[in-house]
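Summary of the model geometry
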Amino acid sequence: MKKCILLFSVIVLVASCVQEKEISSINPENWTRRKATIKTMDSLEHGKSYLSIYSQIYSSSEHKTHNLTAMVSLRNTSDIDTIYLTKAEYFDTHGVSLRNYFNHPIYLAPLETVEIIIDEMDVEGGTGSNFIFEWHAPKNSPEPLFEGVMNSTVGQQGLSFTTQSRRIN
């Protein structure tokens, strides 16, 4: 009987130590430290860009999917101008908005890059997820670049590919 109680106590102790892994893409970087106030909105060019992302891809058939980690790279391609992002909204395969990463303008210094990571276990976006980015940049400044790098590694097999944004407005 003592052995059963001891064994039960050890199992309960071990089970209580296991923490559920947090999905970092749902709790993104603290964007408030990049918060910007745009006073001269009229003097800035406005744009909107679309980026396709794949949190899952089909494997073998339409009934089997493979999960991927996606790194969304937000890049200021200007070497002299600061740019501002006012929206980074993530949508699922069906076009349903899943989350917006910030609700205030943020800045990117010249040639600066920041990332959003969609964890491999975060499959809410599905096989056709995407982002819409809205941005403001000084006139005659190069447009920002938004890229997706999707990858997965299982054993000795690796898979990776990239996507690039397209301006839609």
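Everything below is about the structure shown above.
How each quantity is defined
- Residues numbered from 1 in each chain as written.
- Predicted model: local features only at pLDDT ≥ 70, side-chain atom pairs only at ≥ 80, totals over all residues.
- Heavy atoms only, no water.
- Helix = DSSP H or I, 4+ residues; strand = E, 2+ residues; numbered from the N terminus.
- Buried < 20%, exposed > 50% of the residue type's maximum accessible area, 1.4 Å probe, protein only.
- Contact = heavy atoms within 4.5 Å.
- Pairing = 2+ DSSP bridges.
- Salt bridge = Lys/Arg side-chain N within 4 Å of Asp/Glu carboxyl O.

**Things to note about the overall build of the chain**
Check the secondary structure of the chain and you find 1 helix and 12 strands. Classification of the 169 residues of the chain by burial places 37% in the buried group. Contacts in the chain between residues at least 24 apart in sequence constitute 76% of all its contacts with a sequence separation of at least 6.

**Topic: the pairing of strand E2 (residues 56-59)**
Regular strands show a simple pattern: their side chains alternate between the two faces of the sheet. In this sheet, strand E3 (residues 61-67) lies alongside E2 in antiparallel orientation, the contact comprising 4 bridges. The partner of glutamine 56 across the bridge, within E3, is asparagine 67.

**Points about the pattern of salt bridges**
For the structure on display, the rule yields 9 salt bridges. The closest approach of N and O atoms between glutamate 147 and arginine 75, which form a salt bridge, is 3.2 Å. With glutamate 147 in strand E10 (residues 145-154) and arginine 75 in strand E4 (residues 69-75), this pair connects stretches of sequence that are 72 residues apart. When the shortest N-O distance is used, the salt bridge between lysine 87 and glutamate 134 registers 3.6 Å. You can see lysine 87 sitting in strand E5 (residues 83-91) and its partner glutamate 134 sitting in strand E9 (residues 130-138), a full 47 residues away along the chain. Overall, lysine 87 belongs to the partly exposed group, its relative accessible area being 21%. In this structure glutamate 134 comes out as buried when scored by relative accessible area, which is 17%.

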